[in-house]
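Next come the chains, spelled out residue by residue.
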Amino acid sequence: EKTEANLQAVEVLNCLQSMIHVHPKITFNLLVLVYRGSKRKEVLAKSFQNIPQYGKGKNIFSDSSLQHFIQMLISENVIAEKLRGTNEWGPHHF
C-alpha cells in the first residue's frame, strides 16, 4: 500500500538522519542493521541503539525486504548514496 510505503520511507529517512548525527559515515548495511534493531557490535559500538528509530523496522521488514526497500529509495533519488573515492576502501557511505 502506497501510504504505508510512504510512512516507512519517512521512518527510514529519519533513521538515517539520526544515525548521521551520531556518526557521519553510514553504510547501507549499517542502516539496515539499525532500522531492524540488530545488536551487532558495529551497531552498539556507535550507540545507534539509542536513536529513536532503532528497531522500528523489525516487525515490518526482513533484512532482504528492507535492503530492497532502501535500494528503491536510492533508485528514486530519495536517498543519495555517496560512493567512496578510488583511494578509499570499505563499504559505500550515504
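As a reminder, the structure under discussion sits directly above these lines.
Analysis parameters
Residues numbered from 1 in each chain as written. Predicted model: local features only at pLDDT ≥ 70, side-chain atom pairs only at ≥ 80, totals over all residues. Heavy atoms only, no water. Helix = DSSP H or I, 4+ residues; strand = E, 2+ residues; numbered from the N terminus. Buried < 20%, exposed > 50% of the residue type's maximum accessible area, 1.4 Å probe, protein only. Contact = heavy atoms within 4.5 Å. Axes fitted to C-alpha atoms, helices over the stretch in contact; angles between N-to-C directions. Parallel < 35°, antiparallel > 145°, perpendicular 65-115°, else oblique. Left-handed = near helix turned anticlockwise from the far one by under 90°. Nonpolar A, V, L, I, M, F, W, Y, C, P; charged D, E, K, R; others polar. Expected span 1.5 Å × (residues − 1). Arc of directions from axis to C-beta.

## Considerations on the overall build of the chain
Alright, step 1. From N to C terminus, the chain includes four helices and zero strands.
Alright, step 2. For the chain, the α and β elements follow one another from N to C terminus as α-α-α-α.
Alright, step 3. Split into buried and exposed, the 94 residues of the chain put 35% on the buried side.
Alright, step 4. Within the chain, contacts between residues at least 6 apart in sequence are counted, and of these 50% link residues at least 24 apart.

## Focus: the packing of helix H1 (residues 2–22) against helix H2 (residues 28–35)
Alright, step 1. It is the contact of H1 with H2, at a shortest axis distance of 10 Å, that shows an interaxial angle of 110°. Considered as vectors, H1 and H2 are oriented roughly perpendicular to each other. Here the hand of the crossing between H1 and H2 comes out right-handed. Touching Gln8, Glu11, Val12, Cys15, Leu16 and Met19 of H1 are Leu30, Leu31, Val34 and Tyr35, all from H2.
Alright, step 2. When the residues that make up the contact of H1 with H2 are grouped by side-chain class, the tally is eight nonpolar, one polar and one charged.

## Comments concerning helix H4 (residues 63–75)
In an α-helix, one turn spans 3.6 residues, which is why side chains three or four residues apart end up on the same side.
Alright, step 1. In a regular helix each residue adds 1.5 Å, so 13 residues correspond to 18 Å; H4 covers 18 Å between its end C-alpha atoms and thus fits that length.
Alright, step 2. Listed as buried for H4 are Leu66, Phe69, Ile70, Leu73 and Ile74. Summarising the axial view, the buried residues of H4 lie within an arc of 145°, below the 170-degree limit, and thus occupy one face. Turned more than 90 degrees from where H4 packs its buried face, His68 and Ser75 sit exposed.
Alright, step 3. Looking at the buried residues of H4, the elements they touch are H1 and H2.
Alright, step 4. One or two positions beyond H4, positive phi appears at Asn77, with a value near 60°.

## Details of H2
Alright, step 1. For H2, the buried fraction is high: seven of the eight residues fall into the buried class.
Alright, step 2. Within H2 the residues assigned to the buried category are Phe28, Leu30, Leu31, Val32, Leu33, Val34 and Tyr35.
Alright, step 3. Where H2 is buried, its residues contact H1, helix H3 (41–44) and H4.
Alright, step 4. Directly beyond the C-terminal end of H2, a positive phi value near 80° is found at Gly37.

From the geometry alone we can't say anything about function, so treat these as descriptive.
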